[in-house]
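In case you want the letters, here they are:
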Amino acid sequence: MSVSVPGIVPQTTPIEDRPTPAADADPHGHPVAGLDLDTLNPLFETSQPQQVVQWAAAQFGGDLVMSSSFGAESALLIHMATRFLPDVRIVWVDTGYLFPETHAFMEDLRHRFNLNVWVYRTRNDPIAYLQQAGETDPSWRNDVDACCAANKNEPFERAMRQLAPRAWLRGIRRRQAKTRENVPFVEWSRRYNCYAVSPLLNWTPKDIFGYMKEHGLPYHPLYEQGYESIGCNPASCTQPIQAGDDPRAGRWAGRGKVECGINLTNSLDSANL
Ligand code: SF4
């Protein structure tokens, strides 16, 4: 497929025609080395996120999925993606411990933009999980990594196995965490056997605010209450922050944990659950 996006040199040779060593083909048969990432990534460093999304939509078409937490600013990437791929599959993981407001926000955006949301739920009954894990306080998790592995990573890994996309669009930004500082715009994910495309890497809070305002997009209903990064409802996992705090300071505060795990290169052992 020839891809034409202003300002971006197209990958003119179809992926399938590129010489790809058989050993680098993934289990789905997708060529690992099909794209010239050494050319693309420097271009994307000076591109606007909309151009990267447009490129991804043209390059992968219906073989692209995106993930969304339906969190504070999630409407932004959803808006960008659906402008180019209105029916893009959106994977949303329901851990069983989300805020009711997050469910309501997902339904609001689903209705408003006619979204194609694929909900992947934890295999665990939320109450039974707490009992099995020895967690005695529903409003607090002692072992956050085990809980994220069982209730967040397992459903997401299952989604990626079942949907088997060629590319995954995600909304991470470099300023959000040390684990995200060196992420390239497009990289091959061996964990998920697809390309990971991250158009928003270099955007600042000001950029985000400007786009949200320009397009009249809604924030998560808890955003106004100081929740700038919104995950699950236990206080161990999501808390409101004060003015001037790091936007993600309320996530697993004081635990030394900065990622639920789905954006990490390696699994949080959910495969063993
Ligand atoms: S964010 Fe908290 S409640 Fe949600 S899966 Fe992770 S540890 Fe469990």
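About the thresholds
- Residues numbered from 1 in each chain as written.
- Predicted model: local features only at pLDDT ≥ 70, side-chain atom pairs only at ≥ 80, totals over all residues.
- Heavy atoms only, no water.
- Helix = DSSP H or I, 4+ residues; strand = E, 2+ residues; numbered from the N terminus.
- Buried < 20%, exposed > 50% of the residue type's maximum accessible area, 1.4 Å probe, protein only.
- Contact = heavy atoms within 4.5 Å.
- Areas by Shrake-Rupley, 256 points an atom, 1.4 Å probe, with all protein chains shown as cover.
- Salt bridge = Lys/Arg side-chain N within 4 Å of Asp/Glu carboxyl O.
- Near = heavy atom within 4 Å.
- Nonpolar A, V, L, I, M, F, W, Y, C, P; charged D, E, K, R; others polar.
- pLDDT = per-residue confidence, 0-100.
- Pairing = 2+ DSSP bridges.
- Axes fitted to C-alpha atoms, helices over the stretch in contact; angles between N-to-C directions.
- Right-handed = clockwise from strand over helix to strand, strands pointing away.

## Structural notes on the overall build of the protein
For step 1, the next point in the chain: Secondary structure summary: the protein contains seven helices and six strands in total.
For step 2, the next point in the chain: Along the protein, helices and strands appear, N-terminal first, in the series α-α-β-α-β-α-β-α-α-β-β-β-α.
For step 3, the next point in the chain: Counting over 273 residues, the protein shows a buried share of 52%.
For step 4, the next point in the chain: Long-range pairs, those at least 24 residues apart, make up 72% of the contacts in the protein between residues at least 6 apart in sequence.
For step 5, the next point in the chain: In the structure as shown, the protein presents an accessible area of about 12800 Å², 49% of it carried by carbon and sulfur atoms.

## Overview of the pattern of salt bridges
For step 1, the next point in the chain: According to the stated counting rule, one finds ten salt bridges in the structure shown.
For step 2, the next point in the chain: The shortest N-O distance in the salt bridge between glutamate 73 and arginine 173 comes to 3.1 Å. You can see glutamate 73 sitting in the loop between β1 (64–67) and α3 (75–84) and its partner arginine 173 sitting in the loop between β4 (167–169) and β5 (186–189), a full 100 residues away along the chain.
For step 3, the next point in the chain: What makes arginine 173 buried here is its relative accessible area of 9%.
For step 4, the next point in the chain: Measuring nitrogen to oxygen at the nearest pair gives 3.7 Å for the salt bridge that ties glutamate 181 to lysine 178.

## Digging into the site of the ligand
For step 1, the next point in the chain: In the vicinity of the ligand, the residues found are Tyr97, Val144, Cys147, Cys148, Cys232, Pro234, Cys237 and Trp252.
For step 2, the next point in the chain: In the shell around the ligand, the residues fall into eight nonpolar, no polar and no charged.

## With respect to the confidence of the model for the protein
For step 1, the next point in the chain: With 85% of its residues at a pLDDT of 70 or more, the protein shows a mean pLDDT of 86.
For step 2, the next point in the chain: Below pLDDT 50 for its whole length, residues 12–23 participates in 17 contacts with residues either more than four positions away or in separate chains.
For step 3, the next point in the chain: Taken as a whole, residues 25–30 scores under 50 in pLDDT and shows 16 contacts with residues more than four places along the chain or in a different chain.

## Here we look at the sheet that holds strand β6 (residues 194–197)
One key point about sheets: their strands pair by backbone hydrogen bonds, in either a parallel or an antiparallel sense.
For step 1, the next point in the chain: An order of β3-β2-β1-β4-β6-β5 is seen for the six strands of this open sheet, with the pairing classed as mixed. A single partner strand is all that each edge strand has here, and the edge strands are β3 (116–121) and β5. The mean inter-strand angle of the sheet, taken between neighbouring strand axes irrespective of direction, is 30 degrees.
For step 2, the next point in the chain: In this structure, β1 lies alongside strand β2 (residues 89–94), joined through three bridges in parallel fashion. By the bridge assignment for β2, methionine 66 is matched with isoleucine 90.
For step 3, the next point in the chain: Where helix α2 (residues 49–60) meets the sheet, it contacts β1, β4, β5 and β6, and its direction lies at approximately 160 degrees from that of β6.
For step 4, the next point in the chain: Packing against the sheet, helix α4 (residues 100–113) makes contact with β2 and β3, and its axis sits at approximately 165 degrees to β2.

## Considering the pairing of β2
For step 1, the next point in the chain: Across the six residues that make up β2, a large majority, six, are buried.
For step 2, the next point in the chain: Neither face of β2 is left uncovered, since the one carrying Arg89, Val91 and Val93 and the one carrying Ile90, Trp92 and Asp94 both have all their residues buried.
For step 3, the next point in the chain: As a crossover connection, the stretch from β1 through α3 into β2 is right-handed.
For step 4, the next point in the chain: Relative to β3, β2 is paired through six bridges, and the arrangement is parallel. The residue bridging valine 93 from the neighbouring strand is tyrosine 120, located in β3.
For step 5, the next point in the chain: Read from β2 through α4 to β3, the crossover connection turns out right-handed.

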